[in-house]
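A structural walkthrough
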Amino acid sequence: IFVFFLFVVRAGLASVVCGGGMGGHAELEEGPTLQLDWTKLAKVAETKSAVVPVAVQDARTGAVLILAYANKEALDETLKRKVCCLWSTSRNQLWIKGDSSGDYLDLVEVRVNCEQNSLLYLVTPRRTGACHTRDATGASRVSCYYRRLVFDDATGARALEHSPAFAAPLAAPAAAPCANGA
């Protein structure tokens, strides 16, 4: 088995990326190796599903929880049930977020972008999690965006590292003082 090591140094900490480690979904969902699916939109197009992207955001904290898709049925169910409903492009079926995990996302508001080709669901999680993955304690993760990309300018090395959960509401930037001092 070929094993390679990539050392990434950031803020004095070395992170070792080891190819040939976990493999499969475990590596994809937990590992430090960047494996972006650049063909995702082509795969969605191949399903011939009439969908739009949906950003799902926590209405209280501003944290982006999920990026998924909705078709007309999913939007209609979202509005009817007042919970986040999406369209699974991989299973080609309605996906009621929380039906299998219990991590329902209660609908606060739906927004439509300027070109009417994407949606924003503002939601309030009933429990703590929104992601189907679990953290080290076995709890649902708050957001699907639980890792950050670490990039070393000197070497060009890239790796993923787990980042802290979103805990506090996003703070608005301080207003700049007026030129007249008011």
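What you see is a predicted model; the values in this text were computed from it and never measured.

**Looking at the nonpolar core**
- Grouped together as the largest cluster of nonpolar side chains are 17 residues, with contacts concentrated most on V54, V56, L65, C84, L105, Y121 and V123.
- Mapped by element, the contributors of at least two residues to this core are strand 3 (52-58), strand 4 (64-70), strand 5 (85-88), strand 7 (105-112) and strand 8 (119-125).
- In terms of residue count, the dominant contributor to this core is strand 4 (four residues).
- Here L105 is in contact with V56, L65, I66, K82, V83, C84, K97, V123, T124, P125, G129 and A130, once residues within four sequence places are set aside.

**What about unusual backbone geometry?**
- Even without a glycine there, the phi angle at K48 is positive, about 60 degrees.
- Here K48 is to be found in the loop between helix 2 (40-46) and strand 3.
- With a relative accessible area of 73%, K48 lands in the exposed category.

**Thoughts on the pairing of strand 3**
- Of the pairings in the sheet, the one linking strand 3 to strand 4 comprises six bridges and is antiparallel in character. Residue V56 lies in a different strand from strand 4, and its bridge partner there is I66.
- Between the antiparallel neighbours strand 3 and strand 4 lie five residues, among them G62 with a positive phi of about 85 degrees.
- Where strand 3 and strand 8 come together, five bridges link them in parallel fashion.

**Brief notes about the side chain of S140**
- Structurally, S140 can be placed in the loop between strand 8 and strand 9 (147-151).
- Look at S140 and you get buried, because its relative accessible area is 8%.
- Polar contacts involving the side chain of S140 include one to the side chain of D103, which spans 2.6 Å.
- Only 2.4 Å separates the side chain of S140 from the side chain of R134, close enough to count as a polar contact.

**Focus on the sheet that holds strand 3**
- Judged by pairing direction, the sheet is mixed, and its four strands sit side by side in the order 4-3-8-7 without closing on themselves. Every interior strand has two partners, whereas the edge strands, strand 4 and strand 7, have only one. Here the average twist between neighbouring strands, direction ignored, is 25 degrees.

**Things to note about the packing of aromatic side chains**
- Across all of its chains, the model carries zero aromatic pairs by this definition.
- Over the face of the ring belonging to Y146 we find R141, whose NZ or CZ atom lies 3.8 Å from the ring centre.

**Section: the state of the cysteines**
- Per the counting criterion, the structure on display carries zero disulfides.
- Left unpaired, C84 is separated from the closest cysteine sulfur, that of C85, by 6.8 Å.

**Considerations on the pattern of salt bridges**
- A complete count under the given rule lists ten salt bridges for this structure.
- Residues D58 and R60 are paired through a salt bridge, measuring 3.6 Å at the closest nitrogen-oxygen approach.
- Via salt bridges that share partners, E77, K80 and R81 belong to a single interconnected network.

**Looking at a nonpolar patch on the surface**
- On the surface, a nonpolar cluster with roughly 280 Å² of combined accessible area is contributed by V64, L67 and Y145.
- Relative to the helices and strands, V64 is located in strand 4.

**Describing the confidence of the model for the protein chain**
- Of all residues in the protein chain, 77% attain a pLDDT of 70 or more, and the chain-wide mean is 80.
- Taken as a whole, residues 1-21 scores under 50 in pLDDT and shows 32 contacts with residues more than four places along the chain or in a different chain.
- Low pLDDT (under 50) marks residues 168-173, which in the prediction has six contacts with non-local residues, meaning those over four places away or in another chain.

About the cut-offs
- Residues numbered from 1 in each chain as written.
- Predicted model: local features only at pLDDT ≥ 70, side-chain atom pairs only at ≥ 80, totals over all residues.
- Heavy atoms only, no water.
- Core = buried A, V, L, I, M, F, W, Y, C linked by side-chain atoms within 4.5 Å.
- Buried < 20%, exposed > 50% of the residue type's maximum accessible area, 1.4 Å probe, protein only.
- Helix = DSSP H or I, 4+ residues; strand = E, 2+ residues; numbered from the N terminus.
- Contact = heavy atoms within 4.5 Å.
- Pairing = 2+ DSSP bridges.
- Polar contact = N/O pair within 3.5 Å; in protein donor to acceptor, adjacent residues only side chain to side chain.
- Axes fitted to C-alpha atoms, helices over the stretch in contact; angles between N-to-C directions.
- Phe/Tyr/Trp six-rings, centres within 6.5 Å; stacked < 30°, edge-to-face > 60°.
- Lys NZ or Arg CZ within 6 Å of the ring centre and 35° of its normal.
- Disulfide = S-S within 2.5 Å.
- Salt bridge = Lys/Arg side-chain N within 4 Å of Asp/Glu carboxyl O.
- Patch = residues over 30% accessible without salt bridge, like charges linked within 9 Å, V, L, I, M, F, W, Y side chains within 5 Å.
- Areas by Shrake-Rupley, 256 points an atom, 1.4 Å probe, with all protein chains shown as cover.
- pLDDT = per-residue confidence, 0-100.

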